[in-house]
Amino acid sequence: MSDSSASLGFSTCDLCDAHISDDSSDFRVLPPVFHSYGGQVSFMGEVSTVQCLDDNSLVRAALAEPGGGRVLVVDGGGSLRRALVGGNVAASAAQNGWAGVLVYGCVRDVAELKSTPVGLYALALNPMPTVKQGQGLRDVYVQIAGLWVRPGDWLYADADGIVLSRRNLLS
């Protein structure tokens, strides 16, 4: 178990070992297309979702609310055109108690992100900000890299990967 995820009580490798025969779709492993950009490599929590394309209005609004240790999963459609999370939004997530953010899209302000005590995984970096038009959906089923993610799922991320479960695997 890696040092940072050990303090959280999990390792994605150990979770995969324990669920290697689970073919129910209750346990899922995201493809290895995400990179860590936040100040915390390892994080876990119950999932809340935002679906948006090149507009981070709802991401900003969600992370301005109390997170209670949850993880925001942002379905940006895999778009590489604009960053859905930057330094200010990540700081808001940390200040409001979010454990982490998974962005199926881009982020920016990498130096600020690395110094912010929140987990943040995304596909890539892009310095272009979003156009804020208030578009998108919150707490809906989203598809991330081909896998369905539901509000209320649990996400576990560390240096080895990202896994999802329908229930808390550590309780």
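Cut-offs applied
The residue count restarts for each chain, going from 1 along the sequence in the order it is written. Whole-chain, interface and lining totals are the exception, using all residues; otherwise, since this is a predicted model, local features are given only for residues with pLDDT of at least 70 and side-chain atom pairs are given and counted only at 80 or more. Derived side-chain values reflect all non-hydrogen atoms in the structure, with water molecules and hydrogen atoms excluded from consideration. UniProt positions are given in the numbering used here, feature names are shortened, and annotations may be inferred rather than shown by experiment. Note on aromatic pairs: the rings of Phe, Tyr and Trp (six-membered ring only in Trp) are paired at centre separations within 6.5 Å, and the planes decide the class, stacked below 30 degrees, edge-to-face beyond 60, tilted for the rest. Comment: elements are numbered from the N terminus, with helices defined as DSSP H or I runs of at least four residues and strands as E runs of at least two. Per-residue accessibility, obtained with a 1.4 Å probe over protein chains only, is compared with the maximum for each type, and a residue is labelled buried under 20%, exposed over 50%, and partly exposed between these values. To define a nonpolar core, start from buried Ala, Val, Leu, Ile, Met, Phe, Trp, Tyr and Cys residues and group those joined through side-chain atoms within 4.5 Å. Contacts are assigned to residue pairs with any non-hydrogen atoms lying within 4.5 Å of each other.

- As annotated in an unreviewed UniProt entry, the chain is 4-hydroxy-4-methyl-2-oxoglutarate aldolase from Comamonas testosteroni.
- UniProt, in the comment section headed Sequence similarities (unreviewed entry), describes the chain in these words: "Belongs to the class II aldolase/RraA-like family."

1. Re the packing of aromatic side chains
Alright, step 1. For the structure shown, the criterion picks out three aromatic pairs.
Alright, step 2. Arranged with centres 5.5 Å apart and planes meeting at 70°, the rings of F10 and Y156 form a pair that is edge-to-face. With a gap of 146 residues between them, F10 in the loop between α1 (3-6) and α2 (12-18) and Y156 in strand β11 (residues 154-158) connect regions that are remote in the sequence. When sorted by exposure, F10 lands in the same class as Y156, which is buried.
Alright, step 3. Note on F34 and Y104: the rings are 6.2 Å apart at their centroids and 50° apart in plane angle, and the pair reads as tilted. With F34 in the loop between β1 (27-29) and β2 (35-36) and Y104 in strand β6 (residues 100-107), this residue pair connects regions lying 70 residues apart in the sequence. Accessibility classification places F34 together with Y104 in one group, the buried group.

2. Description of the nonpolar core
Alright, step 1. V59, V85 and V103 are the most contacted members of the largest nonpolar core, which totals 22 residues.
Alright, step 2. Listing elements by their share of this core, those giving two or more residues are α3 (57-63), β4 (71-75), β5 (83-85), α4 (87-95), β6 and β7 (119-125).
Alright, step 3. The element best represented in this core is α3, accounting for four residues.
Alright, step 4. By size, the runner-up hydrophobic cluster in this structure holds 18 residues, among which are F34, V71, Y104 and Y121.

3. Remarks on unusual backbone geometry
Among all residues except glycine, the phi angle is most often negative; among peptide bonds, the trans geometry is most common.
Alright, step 1. The backbone of D54 sits at a positive phi, close to 60°, despite the residue not being glycine.
Alright, step 2. Following the sequence through the fold, D54 ends up in the loop between β3 (43-51) and α3.
Alright, step 3. Taking relative accessible area as the criterion, D54 reaches 14% and is therefore assigned buried.
Alright, step 4. Located in the positive-phi region is D109, a residue other than glycine, with phi close to 65°.
Alright, step 5. As for its placement among the helices and strands, D109 is situated in the loop between β6 and α5 (110-114).
Alright, step 6. Looking at D109, the relative accessible area reads 30%, which means it is partly exposed.

4. Considerations on the UniProt feature "binding site: Mg(2+)" (unreviewed entry) in the chain
Alright, step 1. When the UniProt feature table is mapped to this numbering, "binding site: Mg(2+)" (unreviewed entry) covers D109.
Alright, step 2. Residues contacting D109, with those up to four places away along its chain left out, are G86 and G87.

5. Here we look at the UniProt feature "binding site: substrate" (unreviewed entry) in the chain
Alright, step 1. Taking the UniProt record as the reference, the feature "binding site: substrate" (unreviewed entry) is found at G86, G87, N88, V89 and R108. Spatial clustering of the annotated residues is evident: they stretch over 23 residues in sequence, but the largest pairwise C-alpha distance comes to 10.2 Å.
Alright, step 2. Looking at where G86 falls in the secondary structure, it is placed in the loop between β5 and α4.
Alright, step 3. A relative accessible area of 11% means that G86 is categorised as buried.
Alright, step 4. Contact partners of G86, with chain neighbours within four places excluded, come to R108, D109 and L113.
Alright, step 5. As for its placement among the helices and strands, V89 is situated in helix α4.
Alright, step 6. What makes V89 buried here is its relative accessible area of 4%.

6. Here's the deal with the environment of M44
Alright, step 1. Summarising the element assignment, M44 is placed in strand β3.
Alright, step 2. M44 gets classed as buried once you look at its relative accessible area, which sits at 18%.
Alright, step 3. Here the alpha-carbon distance between M44 and G134, two residues 90 residues apart in the chain, equals 28 Å.
Alright, step 4. Not counting residues within four places of it along the chain, the set of residues in contact with M44 comprises L8, F10, G69, V71, A99, W154, L155, Y156, N168 and L170.

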